[in-house]
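Structural description and commentary
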Amino acid sequence: SRFADRISALRLETRHDDNREYYGLQADYVKRLSSSWSALFKDSLRYESPNTGNDLMDNTLTLGLAHRPRRDNQKNGVFFYQNKEKRGGSNGDCSTHILSTHQNYEVRDDVLVSGRLGGKVEDCNGSKSDATILDGRITWDITKRLDVDVHGGVLGTNGLKEKNYSVGLGANYLIRENLRAGIGYNIKGFKDDDLDPDSYNDKGVYFGLKYKFDENGLNWLTGEK
């Protein structure tokens, strides 16, 4: 649907083949709250019924706030809460709660400092665990579209009793407004699919796309420019 200050979308899909039946439902809603703040709601539900093995149903709920002042965008950030519920499948039942924030500060026109703090608690088949991530990067603009960065992070688990670290370099290219493609290499690293879904802290070479969320973040769903 089309409104001046909001965007909403609903998608339903199903697939049937020789190995499984699949059903998916996704709802998206973005609303501009003010000239500086926007809110996001997203829910994704899927159900799979394979010919062999257990049926799988999972649901991911995401609630977000984005702060991007229109007049002075020197500092911006996003805040997310996510709940993942999985039932059945090969891994059994899992419930995960995630809180995270990503913050950016423009030191000067060609230097950007970014940071992320996030945490999760998870219960899989009665076994509970937790993790906390803190990472940051400094980015220098080489041209209007190309930049390079140095970055590092730490992942703490088991009540921060166990820690893993990451250190690396990267380069990024601006494809279009708010959409950036990147490549990098981490000398050392760690992996967590919930807190670092793009594997930017994973050891070795990585590729990724970064999208800066605002109230226009889902315009492509409605065909608006």
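Whatever comes next refers back to the structure up there.
Report on the accompanying structure.

So, how was this worked out
- Residues numbered from 1 in each chain as written.
- Predicted model: local features only at pLDDT ≥ 70, side-chain atom pairs only at ≥ 80, totals over all residues.
- Heavy atoms only, no water.
- Helix = DSSP H or I, 4+ residues; strand = E, 2+ residues; numbered from the N terminus.
- Polar contact = N/O pair within 3.5 Å; in protein donor to acceptor, adjacent residues only side chain to side chain.
- Buried < 20%, exposed > 50% of the residue type's maximum accessible area, 1.4 Å probe, protein only.
- Phe/Tyr/Trp six-rings, centres within 6.5 Å; stacked < 30°, edge-to-face > 60°.
- Lys NZ or Arg CZ within 6 Å of the ring centre and 35° of its normal.
- Disulfide = S-S within 2.5 Å.
- Salt bridge = Lys/Arg side-chain N within 4 Å of Asp/Glu carboxyl O.
- Pairing = 2+ DSSP bridges.
- Axes fitted to C-alpha atoms, helices over the stretch in contact; angles between N-to-C directions.
- Patch = residues over 30% accessible without salt bridge, like charges linked within 9 Å, V, L, I, M, F, W, Y side chains within 5 Å.
- Areas by Shrake-Rupley, 256 points an atom, 1.4 Å probe, with all protein chains shown as cover.
- Lys, Arg positive; Asp, Glu negative; His and termini not counted.
- Charge placed at Lys NZ, Arg CZ, Asp CG, Glu CD.

Brief notes about the side chain of Gln 26
Take Gln 26: it is sitting in strand 2 (residues 20-32). Polar side-chain contacts of Gln 26 include one of 3.4 Å to the side chain of Ser 44.

A few points about unusual backbone geometry
The phi angle at Asn 158 is positive, at roughly 55°, despite the residue not being glycine. Relative to the elements of secondary structure, Asn 158 occurs in the loop between strand 9 (146-157) and strand 10 (162-176). With a phi close to 65°, Leu 160 is a non-glycine residue in the positive phi region. Judged by relative accessible area, which is 44%, Leu 160 ranks as partly exposed.

Some remarks on the packing of aromatic side chains
Applying the stated rule across the entire model yields three aromatic pairs. Ring geometry for Trp 37 against Phe 79: centres 6.3 Å apart, planes inclined by 25°, an arrangement best described as stacked. With a gap of 42 residues between them, Trp 37 in strand 3 (residues 37-50) and Phe 79 in strand 5 (residues 75-88) connect regions that are remote in the sequence. Relative to Tyr 206, the ring of Tyr 200 has its centre 5.2 Å away and its plane inclined at 70°; by these criteria the two rings are edge-to-face. Given a relative accessible area of 10%, Tyr 200 falls into the buried group. You can call Tyr 206 buried: its relative accessible area is 6%. Of note, Arg 137 hangs over the ring of Tyr 200, and the distance from its end group to the ring centre comes to 5.8 Å.

Focus: the state of the cysteines
Evaluated as defined, the whole model comprises one disulfide. In this model, Cys 94 is linked to Cys 124 through a disulfide, with the two sulfur atoms separated by 2.1 Å. Taking the sign of the torsion about the S-S bond as the criterion, the disulfide between Cys 94 and Cys 124, at about 120°, is right-handed. Here Cys 124 lies in strand 7 (residues 111-124) and Cys 94 lies in strand 6 (residues 94-108), a separation of 30 residues in the sequence. The exposure class assigned to Cys 94 is buried, which follows from its relative accessible area of 13%.

Describing the pattern of salt bridges
Scanning the model with the defined rule gives 16 salt bridges in all. Salt-bridge contacts for Arg 46 lead to Glu 48; the nearest nitrogen and oxygen are separated by 2.4 Å. Asp 149 is the partner of Arg 137 in a salt bridge, and the nearest nitrogen-oxygen pair spans 3.2 Å. In this pair, Arg 137 is assigned in strand 8 (residues 127-141) and Asp 149 in strand 9, connecting sequence segments 12 residues apart. By relative accessible area, which is 3% here, Asp 149 ends up buried. Salt bridges linked by common partners bring Arg 20, Arg 46, Glu 48 and Asp 58 together as one network.

Section: the sheet that holds strand 1 (residues 6-16)
Taken in spatial order, the 12 strands of this open sheet run 1-2-3-4-5-6-7-8-9-10-11-12, and their pairing is antiparallel. Bordering the open sheet on either side are strand 1 and strand 12 (204-211), each of which pairs with just one other strand. Sheet twist, expressed as the mean angle between neighbouring strand axes with direction ignored, is 15°. Sheet analysis places strand 8 next to strand 9, joined by 11 bridges and oriented antiparallel. What sits directly across from Leu 134, in strand 9, is Val 154.

A short note on the environment of Leu 65
Position of Leu 65 relative to the elements: it lies in strand 4 (residues 56-67). Exposure remark for Leu 65: the relative accessible area of 35% places this residue in the partly exposed category. In this structure, the C-alpha to C-alpha distance between Leu 65 and Ala 39, residues 26 residues apart in sequence, is 4.6 Å.

So, a negative patch on the surface
On the surface, a cluster of negative charge is contributed by Asp 72, Glu 106, Asp 109 and Asp 141. Inspection of the secondary structure assignment puts Glu 106 in strand 6. Glu 106 sits in the partly exposed class, given a relative accessible area of 31%.

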